[in-house]
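Architecture at a glance
The residues making up each chain are set out below.
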Amino acid sequence: MKKTKLGEFEELVLLTVAALQKDAYGVEIKRELEARLKEKLSVGSIQSALKRMEEKGFLTSEFGEATQKRGGKRKRIYVTTSYAHKVLSEMKEIRAGLWESIPDLTQQLNLI
Amino acid sequence: MSQHLDTQPPEWPLKLLRFLVKEEYIEEIEGDMEEMFQNNIEDLSIRKARRRYVWDTLKLLRPSLLKNFKPVPTFNQNAMYKNYFKVAYRNLLKKKAYSFINISGLGLGIACCILIFMYVTDELSYDNYHDKGNRIYRVAHTEAAKDGTTPYPFWIWGNAPVGPALKNDFPEIDKVVQFSGRSDLLLSYEDKTFQEDGVFFMDSTAFDIFSWKLLKGNPKTVLAAPFSIVLTESTARKYFGNEDPIGKTLKGSESAGRSNAGDYTVTGVMEDVPANSHFRFNALLSLNTFRISRPEIFKEWGYVDFYTYFLVNEHFDEAAFRKKIPAFVKSHIGNPEWRYTIAIEPLKDVYLRTAAERQPGETGSLPNIYVFSVIGIFILVIAMINFMNLSTARSLERSKEVGVRKSIGADRKSLISQFLGESLIIVSLSAVLAVIIVIVALPYMVDFTNKDLHIESFINWKTMSLFTALMFIIGLLSGSYPAMILSGFNPVLILKGSSRTTTGGASLRKALVVFQFTLSIALIAGTIIVYTQMNHLLDKDLGFDKEQMLILDYNYDGIVNQKSEALKAELEKNSSVISVAFSRSVPGSYFPNAGTEIETPKGEMTMMGQPIFQVGMDFVTHFGLHLIAGRTYSREHPSDSSKALIVNEAAAKQFGYQNPADIVGKKFSQWGRSGVVIGVVKDFNFTSLHRNIEPLTLPFEPYASRYLSIKIKSENIEETIKSVGEVWQNIAPHRPFLYSFLNEDFNRQYKSDFIFRRLFTTFACLAIFIACLGLLGLATYTAQQRTKEIGIRKVLGADVRNIVGLLSRDFIILVFIAILIATPISWYAMNKWLEGFAYRMTLHPWIFAIAGFIALTIAVITISFQSIKAALTNPVTSLKSE
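Residues numbered from 1 in each chain as written. Chains lettered and ligands numbered in written order. Predicted model: local features only at pLDDT ≥ 70, side-chain atom pairs only at ≥ 80, totals over all residues.

Turning to the overall build of chain A, a few remarks are in order. Within chain A one finds 4 helices and 2 strands. Secondary structure elements of chain A occur, N-terminal to C-terminal, as α-α-α-β-β-α. The buried share of chain A, reckoned over its 112 residues, is 28%. Partitioning the contacts of chain A with sequence separation of at least 6, the portion at a separation of at least 24 is 44%. (Helix = DSSP H or I, 4+ residues; strand = E, 2+ residues; numbered from the N terminus. Buried ≥ 20, exposed ≤ 12 C-beta atoms within 10 Å, placed from the backbone. Contact = placed C-beta atoms within 7 Å.)

In this section: the overall build of chain B. When helices and strands are counted, chain B shows 29 helices and 22 strands. Against the compact-globule benchmark of 29 Å for 882 residues, chain B has a radius of gyration of 37 Å, which places it well outside the compact range. In terms of its C-alpha atoms, chain B occupies a principal-axis envelope of roughly 105 × 95 × 65 Å. Classification of the 882 residues of chain B by burial places 37% in the buried group. (Rg over C-alpha atoms; globule rule 2.2 N^0.38 Å.)

Residue and element names in this part refer to chain B. With antiparallel pairing, the 4 strands of this open sheet are ordered in space as E13-E21-E12-E22. Each of the sheet's edge strands pairs with one partner strand only, and the pair in question is strand E13 (577-583) and strand E22 (739-741). Pairs of neighbouring strands in the sheet enclose a mean axial angle of 25°, with direction left out of account. Direction of pairing for E13 relative to strand E21 (residues 707-712): antiparallel, over a ladder of 6 bridges. Note that in E21 the partner of Ser583 across the bridge is Tyr707. This element, helix H23 (residues 717-731), spans strand E12 (549-553), E13, E21 and E22 of the sheet and lies at about 140° to E21. (Pairing = 2+ DSSP bridges. Axes fitted to C-alpha atoms, helices over the stretch in contact; angles between N-to-C directions.)

At the junction of the two partners, chain A supplies 16 residues and chain B supplies 17 residues. Of all elements in the fold, only helix H2 (26-37), helix H3 (43-56) and strand E2 (74-80) of chain A reach the threshold of two or more residues within the side of chain A that touches chain B. Ranked by residue count, the leading element in the side of chain A that touches chain B is H3(A), at 6 residues. For the side of chain A that touches chain B, a count of residues per class yields 2 nonpolar, 6 polar and 8 charged. (Nonpolar A, V, L, I, M, F, W, Y, C, P; charged D, E, K, R; others polar.)

Residue and element names in this part refer to chain B. In this structure, strand E16 (residues 627-630) lies alongside strand E19 (residues 673-681), joined through 3 bridges in antiparallel fashion. Paired with Gly630 across the two strands is Gly679, which belongs to E19. By the bridge criterion, 5 bridges tie strand E17 (residues 644-648) to E19 in an arrangement that is parallel. From the neighbouring strand, Ile646 faces E19, where its bridge partner is Gly679. Here strand E18 (residues 667-670) pairs with E19 via 4 bridges, running antiparallel.

In this section: the environment of Phe201(B). Residue and element names in this part refer to chain B. By the secondary structure assignment, Phe201 is in strand E4 (residues 192-202). Residue classification places Phe201 among the buried residues on the basis of 25 C-beta atoms within 10 Å. Taking the C-alpha atoms as reference points, Phe201 and Gln178, separated by 23 residues in sequence, lie 8.4 Å from one another. Discounting residues that sit within four places of it in the chain, Phe201 has contacts with Phe179, Ser180, Ser183, Arg258, Leu285, Leu287, Thr289 and Phe290.

Let us now look at the domain arrangement of chain B. Residue and element names in this part refer to chain B. Looking at chain B, the domain boundaries give domain 1 (2-60), domain 2 (80-123 + 364-504), domain 3 (133-349), domain 4 (505-542 + 746-882) and domain 5 (549-745). Measuring from the centre of the C-alpha atoms in domain 2 to the corresponding centre in domain 4 gives 22 Å. Counting residues at the interface gives 30 residues for domain 2, matched by 26 residues for domain 4. If you list the elements that add at least two residues to the side of domain 2 that touches domain 4, you get helix H6 (96-124), helix H12 (366-393) and helix H14 (412-449). By residue number, the principal contributor to the side of domain 2 that touches domain 4 is H12, which donates 14 residues. Of the residues contributing to the side of domain 2 that touches domain 4, the split by class is 17 nonpolar, 12 polar and 1 charged. (Domains from an automatic or database assignment.)

This part takes up the packing of H6(B) against helix H25 (residues 751-785) of chain B. Two quantities define a packed helix pair, namely the angle between the helix axes and the distance between the axes. Residues and elements named next belong to chain B. It is at 10 Å that the axes of H6 and H25 come closest, and there the two elements cross at 160°. Accordingly, the angle class assigned to the pair H6 and H25 is roughly antiparallel. Regarding H6 and H25, the two cross each other, and that crossing is left-handed. Where H6 approaches H25, its residues Ala97, Tyr98, Ile101, Ser104, Gly105, Leu108, Gly109 and Cys112 are matched on the opposing element by Phe763, Leu766, Ile770, Leu773, Gly774, Leu776, Gly777 and Thr780. The residue inventory of the contact of H6 with H25, partitioned by class, reads 10 nonpolar, 6 polar and no charged. (Parallel < 35°, antiparallel > 145°, perpendicular 65-115°, else oblique. Left-handed = near helix turned anticlockwise from the far one by under 90°.)

Another aspect to go through is the environment of Val513(B). Relative to the assigned elements, Val513(B) resides in helix H17 (residues 506-539). In contact with Val513(B), other than residues within four places in its own chain, are Asn389(B), Leu778(B) and Leu814(B).

The next subject is unusual backbone geometry. Residues and elements named next belong to chain B. If you check the backbone angles, Glu190 has positive phi at about 50° while not being a glycine. Structurally, the position occupied by Glu190 is in the loop between strand E3 (183-189) and E4. Overall, Glu190 belongs to the exposed group, with 10 C-beta atoms counted inside 10 Å. With a phi close to 60°, Phe227 is a non-glycine residue in the positive phi region. Inspection of the secondary structure puts Phe227 in the loop between strand E5 (214-216) and strand E6 (228-232). Using a count of 20 C-beta atoms within 10 Å as the deciding quantity, one classes Phe227 as buried.

All names here are of chain A. Their axes nearest at 10 Å, the elements helix H1 (residues 8-20) and H2 cross at an angle of 110°. What the angle tells us is that H1 and H2 run roughly perpendicular. For the pair H1 and H2, the crossing hand works out as right-handed. Where H1 abuts H2, its residues Leu12, Val13, Thr16, Val17 and Leu20 lie against Glu28, Ile29, Glu32 and Leu33.

All names here are of chain B. Relative to the elements of secondary structure, Leu215 occurs in strand E5. On the neighbour-count criterion, Leu215 (12 C-beta atoms within 10 Å) is exposed. Sequence spacing of Leu215 and Arg294 is 79 residues, and the spatial spacing of their C-alpha atoms is 31 Å. Contacts of Leu215, omitting those with residues within four sequence positions, involve Glu233, Val269, Met270 and Glu271.

When pLDDT is averaged along chain B, the result is 86; 97% of the residues meet or exceed 70. Both confidence scores are given for the complex: pTM 0.70, ipTM 0.82. (pLDDT = per-residue confidence, 0-100.)

Moving on, we come to helix H9 (residues 233-240) of chain B. Residues and elements named next belong to chain B. Taken together, the buried positions of H9 are occupied by Thr235, Ala236 and Tyr239. Seen along its axis, H9 keeps its buried residues to an arc of 100°; they face one direction. Residues of H9 that are buried sit in contact with E3, E4, E6, strand E7 (249-252), strand E8 (262-270) and strand E9 (283-286). (Arc of directions from axis to C-beta.)

This part covers the pairing of E4(B). Along any regular strand the residues' side chains alternate between the sheet's two faces. Residue and element names in this part refer to chain B. Here 7 bridges tie E3 to E4, and the two strands are oriented antiparallel to one another. Within E4, the position partnered with Ser188 by the bridge is Thr193. Hairpin remark: E3 followed by E4, antiparallel, with 2 residues in the connecting loop; positive phi at Glu190, about 50°. Sheet topology note: the E4/E9 ladder contains 4 bridges and is parallel. The partner of Phe200 across the bridge, within E9, is Leu284.

Below, the structure is given as structure tokens:
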């Protein structure tokens, strides 16, 4: 967890990509995240997060099919790398560990 | 359609994206944006969707998504550029021979191009100065064939009534200007008398149509009144000096067939006619002078003595107008047997693109322009190839430099720009040299072409930017290949020293040498052919005597014609004069056409047209014509003056007589005369050898002559001319004694051919010279490369011959290949050129053999210059050097 430096927003995007599997391309990722976060996101923020993570090695991508709706332009489907999985699960563990320590705290608080 | 348009996202954000976003991202992002836009259209209003599209686009502009416009962080590179210049400068100085070959070769090439460009521009500039030029047309006349086609040549010279008829029938024609054929007349003011050749009787509308500048006088009226005259500036100065000529009177002689002698009042002075005009003159007489003298001609559709130009308005449609011509002609020509018709030519075509005959002035030649442009490009290409060859050949020398630069961190781009920069430096030095050469050579060019070329008229922003752009292109073209080769070297291999074995584009170099020599050999062959053909023209027996023939043009002067017998008798008394004859024309001059009826072998009279050559007594013997049947005109047959006719062989054939003798004794009728054909002369070339001998009739017409021709002995020509002049002064004191020599006059018809020959030869020689410069450079380089090899060979016992052969063989093979390629190309091209002559030389194979031999000799001399030097060096010195 030294140099991975995964930002909060980036982590969310990465998780969405992992969740969407074969449907993980720009518009779909944005829609999914907007639905979950209940707020509007810009294409630019999603795209720059995707590109950054691709550079860091969390994601790979390849062109998918083109549709009429896209004006004949192909989609770029993002796939999480095993490294990303490792980092994500590490993060999850750290968080889980942290959460686990929380009930003790509440109990203590309750005791007061 | 509009529905579809509405569902499109706005365009400009997309363009912005395409410009700014990294290329590898653009497809995906564009697609995403489009898809979202389509989704938004379904959910929201179109306007809102568009607004969101724009907003999203702007939010996309983030550093991580944008292109790298400045890939390298800027640091100070001045030192590197300084070093580039230093290295270029040192290289120029270190290799003086190469620098000389490169710069002088390119300089010469560019100079040739500039000179040719000036010539071509001048040719193309003819008549461009007329403000209304694109609305001016002229009429060409001809007679159609039975099927309506026009196989016979068009004449620009035609009848008068066509002008007013055109103006009357076509509302789209604004103005018509007509002028007579060239008149030659004597003008005198006080004691000054000059023969003015090339004066036109010109309509008063001239200054409305043509943009000649009138310095004095009212353009509307200067040419209105009969016997008014407009002088050009230089003519006015000739007669009046610094006096104001307006209102002064010039005495004019008779202009045969056009007007009587009379006093002309100067009504205007105009600027001299620009040199780039398709016809020029010294003075204009009002056409009304002609009109009051011979009014009947102006209604006669069959009388030929006028040029007709007209100005159209903007409703004019050329194609539609051409369609109306047949109806127009039909409505004016009553006689259905006469298939007269006209065509029109726009002013922009009259100098270079006209095929018509009987022009008011000189015409240019479009093929010549092409030939010279091609030669100019050839020369430049040869010079550029030199540059490329020498730079690539020398690439090895600089490979170390490339290796060092690359290992320090120079990338390919900066190396390419370094080498391109060097070639640009060389090109700009050549350009300076070229300008100097042009300034020095321009007077010779003016002399060659008889064109008034000025460097000042070519210095304007257009030509200057063209010139700069051309220099840039030359620099890039000739520098790009060496730059690619040099920058592509692998630094590891170079610095290890193993690149000695790679030859760096040797095969391309060979191909380029072959190409250069192909061009050179083609040009040598062309030169030989042009020379042989011109000599063929000059030396050909024309069938008449043109040597030592003095010609006096007295322009139909009535008094001279009256005294012709006395003049002839007086002149023949002189022992240096062999014979004297009068005629209406002389060979190489102008012959009108006549319709002649002669009895055919079947016994019926047939009308045929052919040139007519009216001659006086003794003409046949005087000009050395060969009488092949019958007899010539003689004093013993008084009826000859009206009842006899001599024709040439071609005319006998024209009327159906295979044996020319059979036409003798047949009836003829021509221009109001009738009688019998009394003799046939052998065909002679009465016009230039560009044309075949046409049928010709030679009627007897002693008292309406224009020329006096005097055959003199070859000794003491000056003295003879002096005594002829004295006789002339006694008998015809009112006419200046103007003489010329027939052979010179005749050869003047080939003026443009001579210009062509001179230019062609000069530029061909230059091309060969530049190609040899390049070969010299390459040979020098090869010899240097093989210094060690030569040394070892010599030590092992090779003699000079072996070594010279070794060094020359490669190049000589290349020259041979070039000969093989050049021969068919030049054969084809020169055959095309020769088609312009009716009398051509035969294209012997030996011409190409000689051309090849010359090229080979030049190449061998060039190479051996170096190879012998290399072969003679002491092996000790060559092997010692490391």
